[in-house]
Amino acid sequence: MACRCGPPGTGGSCRRITQFVLKVHSRCDLSCDHCYVYQHADQTWRGRPREMAPEVVRAAAGRIAEHAAAHGLPVVHVVLHGGEPLLLGVARMRELLTDLRAALDPLVTLDLRMQTNGVLLDPAFCDLFVEFGVKVGVSLDGDRAANDRHRRFANGASSHHLVRRALALLRRPGYRSSYAGILCTVDVRNDPDAVYPALLAERPPRIDLLLPHATWDSPPPRPGGAATPYGDWLGRIYRRWVDDGRPVPIRLFDALLPGGTVGGTEAVGTAPADLVVIETDGTWEQADSLKVAYHGAAGTGLDVFGHSVDEAAGHPGIVARQGGVGTLCATCRACPVVDRCGGGLYAHRHRAGTGFDNPSVYCADLRKLIDTVDAYPARRHGSRSARPDADGAPSAELLAELATGHGGSEALRLLAATQLSITRALLAAWRDAAGRTDAWDLLADLDARAPGAVRAVLRHPFVRPWLVRHLDPSARGGPAGGGDLVPALAAAAAVRARVETEVAVPVRAGAIMLPTLGRLSLPVSAGETAVLRTSRDGFRVRVGTLDRAVSLDPAVPPPAGWRPTHVVPVGGPEVVIEDADPERDCYGQPVAPRLDEPAAGSWGRTLARAWRVVHRDVPAHGAALDAGLRAVVPLASDPASPLRSATARHAFGAVAVTGVPDPETVAVLLVHEWQHAKLGALLDLHDLVDPAPSTRIPVAWRPDPRPPEGVLQGAYAHLAVTEVWRSRADADGPGAPAAREHAERYLAWTRDAIDALLASGALTDPGERFVGRMRQALEEPHVVRG
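Residues numbered from 1 in each chain as written. Predicted model: local features only at pLDDT ≥ 70, side-chain atom pairs only at ≥ 80, totals over all residues. Heavy atoms only, no water.

Notes on the sheet that holds strand β5 (residues 179-185)
One key point about sheets: their strands pair by backbone hydrogen bonds, in either a parallel or an antiparallel sense.
Next, step 1: Read across the sheet, 9 strands follow the order β6-β5-β4-β3-β2-β1-β7-β8-β9 without closing on themselves; strand pairing throughout is mixed. Each edge of the open sheet is held by one strand with a lone partner, namely β6 (207-210) and β9 (299-303). Sheet twist, expressed as the average angle between the axes of neighbouring strands with direction ignored, equals 25°. (Pairing = 2+ DSSP bridges. Helix = DSSP H or I, 4+ residues; strand = E, 2+ residues; numbered from the N terminus. Axes fitted to C-alpha atoms, helices over the stretch in contact; angles between N-to-C directions.)

Okay, here's the thing in structure tokens:
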């Protein structure tokens, strides 16, 4: 029977409920000390059945179906919860999902989700969830130190490695459609600069940051008596998130942005709550979070056998959470940001004597976070970002744009931002492995005070190769073997920020290398440590009796041994010739030794002319270079192979080429290698090739068959090179006939490789779309240069 009460807000007495939490198992295999189910005031779990019986599932499904039909709901959301839902086992879980689908699919779109600690997740469960269309959220509080603070087994053992194993399963191409995201509970004792990159490293479609459940009677810990530690902690991550280009939706932040997601989270905002819980015994309950208030706080006295959803929705506790601003306390109603925070989570307002008629116990923290959001607007770094879609699928816009072979400034900005996030995650892993130091603390402090300076240093292409190499346990100079790049990073950031500080920097191979700035040679013994003091004008280095002062003023003569980075004016971005950083030797072929001034000048002139040639030939490729290429590494000359170029997967923003004096040739090499760099960064974001198949595909440009990813890399590079030669062929100059031959050869190579990829069965669904769009771009009429 259809509901005759009218839509919400029209005076009808029935309340539409669209979210149902099914407590399918009331026990858990972890013993998290911050769990609101077992560790707080409410202990009703002790008297409930361990599992939701089949008759309870069918009765609950029937009540939901009845409600959906009566109210004409287009969709209902059912979340499988616990305890730990995976304790049901695969067979029992299949029965439950079958019952839910059978009852609801004929009447309404059923959005099935589950929240799990991930410990028991395995391929059998994942196959089941893909089959039944279940989206899986996993609880993870950050890096190992953060996660192990609370999420442990009863015997104290860590769960971190098992949770990460579960997340790795969900990232597989076959299971990615079931990956809903990560839920992280905030603990201000954890380092936000370690937690945030650890979460990003799992490549979640969405992140939920959850304030620990607390009330005025049982307030959250505030270390050192800080007034707003939770607002400060979340604000730190918010600024990092904005600086990174908002690479993943974070529900709390999206909701707090001006004009943010309405109803995106129960924790903030004034949207009516439309959620009920069904316990393992079939009782209707209010939101789980109320269990933190007092014993029985979530109870309704109703159950699915004797009461409908409408009756449960009419419970005074549920009604109280549907009245918007008018039901808040006087303090909240008078607050200028009440429409943003909505009084905070209902449970967090509780105080003995006044019940829920109070501001949130996190009131000051929420206000501080909102002030941070307003003071650091997301539009400063672009009002939108090409990020994963809400369902976890790769952004169709990003893939389509890059599949043309070009990629505009927004797409390149996103690639650079996600590469920076990976570098930050690796840096946090190095901190965990090598230990916290004064240099680390300085870098973290500068990241808060001068984030632009730190961002510029961490985007140096050769920071990540150093981290990758030294985090390898077998690598010499790893955590157990000494060596640390962090002091040099902190020093370079301090110099760029023009702040006064001091840091001890190890001398490596007779020099101090300051990424993005230059190299200072020092005639001292191996293993010495220099004291580097920065100022607003430059920096001073002391080692024993040796004293060197370097000024940032180009009019001041440099001291002996100082070689600033070679900056090449290419008409827009700052591009450097990187011939000094020892980490540039990451291309699998010899790099050139440091250039003298005449050689550096010659390189710079050729590079600037080549840059203009790219803009002349294909302006879209010129714009792509402008948006992301920041360093060119000279390769060592080899008479047997005079024309060489290379890209390193971990050194985004840089390419390596041989010293060819012809700018026309260098232009082709730049375009070719920058294609590899762009695609490598995209592959860090999205799986385009199924990693399982051992397929090998013959290609025209190599004598040996190549793996699918190698064919994709080659085809993507040749797609751009084809466009360059087509443009030159249309120029009608003396080189046009040769250019036409090159264009025809690269066109045939690329077409055959793309067709072989599409027929190989080795591409994921996004990969199929990406390569199909490449094929379309290859055959489209090209734009003749003016």
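After presenting the structure, the write-up continues.
Observations regarding the side chain of H71
Next, step 1: With respect to the element layout, H71 can be found in helix α1 (residues 54-71).
Next, step 2: Within the structure, H71 has its side chain in polar contact with the side chain of D310 (distance 2.8 Å). (Polar contact = N/O pair within 3.5 Å; in protein donor to acceptor, adjacent residues only side chain to side chain.)

Overview of helix α22 (residues 663-685)
Next, step 1: If you check α22, its first and last C-alpha atoms are 33 Å apart, about what 23 residues at 1.5 Å a residue would give, namely 33 Å.
Next, step 2: In terms of residue burial, α22 counts as a mostly covered element, since 21 of its 23 residues are buried.
Next, step 3: N-cap assignment for α22: the residue whose side-chain oxygen lies 3.2 Å from the backbone N of E664 is D662. (Expected span 1.5 Å × (residues − 1). Buried < 20%, exposed > 50% of the residue type's maximum accessible area, 1.4 Å probe, protein only.)

Quick notes on the packing of α22 against helix α23 (residues 708-729)
Next, step 1: At a minimum axis distance of 9 Å, the contact between α22 and α23 shows a crossing angle of 145°. Read as a crossing pair, α22 and α23 show a hand that is right-handed. In this structure, α22 uses E664, A667, V668, V671, H672, Q675, H676, K678, L679, G680 and L683 to contact α23, whose residues at the interface are E709, L712, Q713, G714, Y716, A717, H718, A720, V721, V724, W725 and R728.
Next, step 2: Partitioning the contact of α22 with α23 into residue classes produces 12 nonpolar, 7 polar and 4 charged. (Left-handed = near helix turned anticlockwise from the far one by under 90°. Contact = heavy atoms within 4.5 Å. Nonpolar A, V, L, I, M, F, W, Y, C, P; charged D, E, K, R; others polar.)

Some details on the sheet that holds strand β12 (residues 518-521)
Next, step 1: In spatial order, the strands read β11-β12-β16; together these 3 strands make up an open sheet with antiparallel pairing. Where the open sheet ends on each side, the last strands, each with one partner, are β11 (511-514) and β16 (562-564). The average undirected angle you get between the axes of adjacent strands in this sheet is 10°.
Next, step 2: By the bridge criterion, 4 bridges tie β11 to β12 in an arrangement that is antiparallel. Residue pairing in the sheet places M513 in a bridge with R519 of β12.

Remarks on the packing of aromatic side chains
Next, step 1: On inspection of all chains with the given rule, the structure shows 13 aromatic pairs.
Next, step 2: Consider the rings of F652 and W674, whose centres lie 5.3 Å apart with planes at 35°: the pair is tilted. With F652 in the loop between β20 (645-646) and β21 (654-658) and W674 in helix α22, the pair connects residues that are 22 residues apart, well separated along the chain. For the pair F652 and W674, a shared accessibility class is recorded, and that class is buried.
Next, step 3: Both rings, one in Y746 and one in W749, keep their centres 5.1 Å apart while their planes meet at 65°; by these two values the pair is edge-to-face. Separated by 3 residues within a single helix, Y746 and W749 lie in helix α24 (residues 736-760), roughly one turn from each other.
Next, step 4: Within the aromatic cluster, the residues linked to one another by ring pairs are Y238, W241 and F253.
Next, step 5: Between the NZ or CZ atom of R728 and the centre of the ring of W725, over which it lies, the distance is 5.1 Å.
Next, step 6: Cation over ring: R745 sits above W749, and NZ or CZ is 5.8 Å from the ring centre. (Phe/Tyr/Trp six-rings, centres within 6.5 Å; stacked < 30°, edge-to-face > 60°. Lys NZ or Arg CZ within 6 Å of the ring centre and 35° of its normal.)

Comments concerning the environment of D765
Next, step 1: Within the secondary structure, D765 is located in helix α25 (residues 765-779).
Next, step 2: What makes D765 exposed here is its relative accessible area of 59%.
Next, step 3: Sequence separation of D765 and I697 is 68 residues, and the distance between their C-alpha atoms is 19 Å.

Side note on the pattern of salt bridges
Next, step 1: Counted under the stated rule, the structure contains 52 salt bridges.
Next, step 2: When the shortest N-O distance is used, the salt bridge between D445 and R449 registers 2.7 Å. Residue D445 and its partner R449 are both found in helix α16 (residues 438-449); the two are separated by 4 residues, about one turn of the helix.
Next, step 3: Residue D445 is classed as partly exposed on the basis of its relative accessible area, which comes to 33%.
Next, step 4: We classify R449 as exposed; its relative accessible area is 52%.
Next, step 5: The partner of D684 in a salt bridge is R649, with the nearest N and O atoms 3.4 Å apart. Remark: R649 occurs in the loop between β20 and β21 and D684 occurs in helix α22; sequence separation between them is 35 residues.
Next, step 6: Each of the salt bridges in this network shares a partner with another, and the network as a whole consists of R48, E279, D281, E285 and K291. (Salt bridge = Lys/Arg side-chain N within 4 Å of Asp/Glu carboxyl O.)

Observations regarding the confidence of the model for the protein
Low-pLDDT portions of the prediction should not be read for the details of their coordinates.
Next, step 1: Here the protein averages 87 in pLDDT, and 91% of its residues register 70 or above.
Next, step 2: The least confident element of the protein, judged by mean pLDDT, is helix α10 (residues 316-320) at 81; the most confident is strand β19 (residues 631-635) at 97.
Next, step 3: In this model, residues 379-394 is a region of pLDDT below 50 whose contacts with residues beyond four sequence positions or in other chains number 41 contacts.
Next, step 4: This stretch, residues 475-482, has a pLDDT under 50; its non-local contacts, to residues over four places away or in other chains, come to 12 contacts. (pLDDT = per-residue confidence, 0-100.)

A few points about the pairing of strand β1 (residues 19-23)
Next, step 1: For β1, the tally of buried residues reaches 4 of 5 residues, placing the bulk of the element in the interior.
Next, step 2: Relative to strand β7 (residues 275-278), β1 is paired through 4 bridges, and the arrangement is parallel. For V21, the partnering residue across the bridge sits in β7 and is V277.
Next, step 3: In terms of strand pairing, β1 meets strand β2 (residues 75-81) through 5 bridges, oriented parallel. When the sheet's bridge partners are listed, L22 is paired in β2 with L80.

A short note on the side chain of R424
Next, step 1: Tracing the sequence through the fold places R424 in helix α15 (residues 409-434).
Next, step 2: Since its relative accessible area comes to 6%, R424 is described here as buried.

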